[in-house]
Amino acid sequence: MSRNTESSSESRCAEHLATLGYSTVPEILLATSTAIERGRHLALIASAGSGKECVYGAAVAHLDKTDAAGVRSLVLAPTREVALRIAAAIRIVARDASPVLAANAGAPDGLLDVDAACLTGQASVLLPAVRAGRLSLGSVRLVVVDGVQTLEELDEWPAVEAILDTVESVTMKIIVGDRWSEDFERLLERQVPRAKRWPEEAFAEPAAADSGDPLYVGSAESLVGRLDHLENLAHGTAADGGRLKVVCASADRVQQVLERLASAGLADHVGTGIEVALAPEANGETGGGADDEATTVVAFEAPVNLADLTAALGSAGSRFAVVLPRHVRHMELMAERAGWTVHPLPDRQVREPPSSLVRFRDRIRRRLESENSAADVLVLEPLLAEYGATRVAAALSGLLRSTVDVASAPVRPWPDAEAASGTVPSRKPGDETRGTRPSWARVYIGAGRRDDIRPGDLVGAITGETGIVGGQIGKIDIRGGFSLVDVDAQVLEQVVEGLNGVVIKGRTVAVRPDREMFV
């Protein structure tokens, strides 16, 4: 390739990346480009915001140099919204490739009517078409599995594995998870044992919590919500007489931040206590300015590369980031590599006396601080786009509070619980006073059939670790990588707190209320 041709190709690549909102080439693409050219399997630990869709696009473009007919690339995504987003990115990165189609759950029969080199969609939508002979996978030479853990949480995994077992053995595979685990490791050993791994340091047990310097991360779906976070930080810094530096990825964002600070009455602090600047990579620089320990620095929206993050925040006294909800996990992964620990962005709150509403907010706060919500964010994404985060949160709050109020009403223990506690009163035949059956709440337990878990194992662990009795345990549904157990709603928190982190059959389990909490 001539130097002019190579320069022209690099220019087009930069153009395409800029269209996707990247001011610099994502490090995930730089790290995997050679493996893509050689057709090697890839195992990646990455999340939205890392530029992983650029890797998919580069792999599709490389594969599309052949003249083979039919679907050659398949991207399995957890939701249709993610599939659409990936399809749009692949079209931009692989601009000269054949058409990219996002499969529609409402029209799988039409899959063969479109001449698509790349097909993105949910495995549960594509698999029936494969089994009915409407979609042939014989020509597929690239399969991307996007978000292993989220696919499993959304019950897409059985369909994913069925498709992986159907494609030809020569098929290149790109398998992406957002965290390392023993289950993820077993999957890689089974499907891509000699894959190129990136980043290599992420394929190990994560460091202990609170082991590094703090990075405080706040998120909001709307720009207004993210600016609200920033305004709170600016007011707090101004009140304390400190210095605040806001790092933005584009000149347009710098202007929006300045306008918001002016509207909040902070214009006089800009240039003295508050600085708003372009990120180093947006200026074409290789490093950031030297900020002293008295400076609070905010990365407004997520940097794509670790080098960009450390250039912006590395020398700051206090580090903050304000990002989209789907980019929070990306920030956590980069923070782990930088030796930092992510904490939720603290809000300036008014002290309130204890009340049912305060306790309700505390429950939500604990959930936000302790649980991985990547799957739930994807589930709610269409509603967030249609109605906004505030209205969606208000609707969910109303649903949850009405359910909790019913579930937390005074209820007499049912007979077997009374008997186990030794407090059952003597009753005569025909006594009309009877125990009330429980209102059930569903608990997610992160161990399932692949861990050789049986119902008796779960019942024994729950009763042994939490102190509840067998009558307070209902239906048990054991699936591939996790289990769902119904428990009395009155002891839900007791079960979650008592069982979370307990070892069952040699596996330390994560326990949380299931998404459909009350049943």
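The structure we're discussing is the one just above.
Only a predicted model underlies this, so the values are computations on that prediction, with no experimental measurement involved. As a convention, each chain's residues are numbered from 1 in the sequence order in which they are written. With the structure being a predicted model, the display of local features is reserved for residues of pLDDT at least 70 and the display and counting of side-chain atom pairs for 80 or more, all residues being used for whole-chain, interface and lining totals. Side-chain numbers here rest on the full set of heavy atoms in the structure, without hydrogens or water.

Draft legend 1. View of the packing of helix H4 (residues 80-93) against helix H14 (residues 374-387). Axes, fitted as lines to C-alpha atoms, cover a helix only where it is in contact. Angles between the N-to-C directions of the axes lie from 0 to 180 degrees. In this description a helix means any DSSP run of H or I spanning at least four residues, a strand means any run of E spanning at least two, and both kinds are numbered starting from the N terminus. Here H4 crosses H14 at 80°, and the two axes come no closer than 9 Å. On the basis of the axis angle, H4 is roughly perpendicular to H14. From H4, Glu81, Val82 and Arg85 reach across to H14, where they touch Leu378, Glu381 and Pro382. Split into classes, the residues belonging to the contact of H4 with H14 amount to 3 nonpolar, no polar and 3 charged. Angle categories are assigned with fixed cut-offs, so that under 35 degrees is roughly parallel, over 145 is roughly antiparallel, 65 to 115 is roughly perpendicular, and the rest are oblique. Contact between two residues is taken to exist if any of their heavy atoms lie within 4.5 Å; hydrogens are not considered. The classification used treats Ala, Val, Leu, Ile, Met, Phe, Trp, Tyr, Cys and Pro as nonpolar, Asp, Glu, Lys and Arg as charged, and all other residues, Gly among them, as polar.

Draft legend 2. Local environment of the pairing of strand S10 (residues 274-278). Alignment of strand S9 (residues 243-248) against S10, held across 5 bridges, turns out to be parallel. Paired with Val247 across the bridge in S10 is Ala277. By convention, a crossover is right-handed whenever its connection, traced from the first strand over the helix to the second and viewed with the strands pointing away, goes clockwise. Tracing the backbone out of S9, into helix H10 (residues 251-263) and back to the parallel element S10 gives a crossover that is right-handed. Two strands make a pair as long as DSSP finds a minimum of two bridges between them.

Draft legend 3. Structural view of the nonpolar core. Leu74, Val145 and Ile163 are the most contacted members of the largest nonpolar core, which totals 37 residues. Taken together, the elements giving at least two residues each to this core come down to strand S1 (42-45), strand S2 (73-76), helix H5 (123-131), strand S5 (142-146), helix H6 (148-153), helix H7 (157-166) and helix H8 (182-191). Here, nonpolar core means buried Ala, Val, Leu, Ile, Met, Phe, Trp, Tyr and Cys residues that are tied together by side-chain atoms lying within 4.5 Å of each other. Throughout, exposure labels follow a simple rule: accessible area from a 1.4 Å probe, protein chains only, divided by the maximum for the residue type, with under 20% read as buried, over 50% as exposed, and the rest as partly exposed. Counting residues in each nonpolar core, the second largest holds 35 residues, with Leu17, Cys54, Ala102 and Cys118 among its members.

Draft legend 4. Spatial organisation of the sheet that holds strand S4 (residues 118-121). Taken together, 7 strands build an open sheet; the order of strands is S3-S4-S2-S5-S6-S1-S7 and the sheet is parallel. Only two strands of the sheet have a single partner each, and these edge strands are strand S3 (100-102) and strand S7 (196-198). Taken over all neighbouring pairs, the strand axes of this sheet differ in orientation by 10° on average, direction set aside. As judged from the 5 bridges shared by S5 and strand S6 (residues 172-177), these two strands associate in the parallel manner.

Draft legend 5. Representation of the pairing of S5 in the model. Among the 5 residues of S5, 5 are classified as buried, and the element is accordingly described as predominantly covered. Judged by which residues are buried, S5 turns out to be covered on both faces: Leu142, Val144 and Asp146 on one side and Val143 and Val145 on the other are all buried.

Draft legend 6. Summary view of the sheet that holds strand S12 (residues 318-323). Within the open sheet, the 6 strands sit side by side as S10-S9-S11-S12-S8-S13. Their pairing is parallel. Of all strands in the sheet, those bounded by a partner on one side alone are S10 and strand S13 (340-344). Going from strand to strand, the sheet's axes swing by 25° on average, the running direction of each strand aside. Where S9 lies against strand S11 (residues 295-300), 6 bridges are found, and the strand directions are parallel. Residue pairing for S11: Val246 is matched across the bridge by Val298. Against the sheet, helix H9 (residues 223-240) makes contact with strand S8 (213-219), S9, S10, S11 and S12, and its axis sits at roughly 175° relative to S11, the strand it touches most.

Draft legend 7. Structural view of the environment of Asp451. In this structure, Asp451 sits in the loop between strand S14 (440-445) and helix H17 (455-466). On a C-alpha basis, the gap between Asp451 and Lys505 in space is 7.2 Å, while along the polypeptide they are 54 residues apart. With near-sequence residues (within four places) excluded, Asp451 lies in contact with Asp183, Arg186, Lys505 and Arg507.

Draft legend 8. A look at the side chain of Arg507. For Arg507, the location among the structural elements is in strand S18 (residues 507-508). You can call Arg507 buried: its relative accessible area is 18%. Two N or O atoms form a polar contact when they lie within 3.5 Å of each other; inside protein one atom must be a possible hydrogen donor and the other a possible acceptor, and for residues adjacent in sequence the pair counts only when both atoms belong to side chains. Engagement of the side chain of Arg507 in a polar contact is seen with the backbone oxygen of Gly446, the distance being 2.7 Å. Excluding anything up to four places from it in sequence, Arg507 contacts Asp183, Arg186, Gly446, Ala447, Asp451 and Val502.

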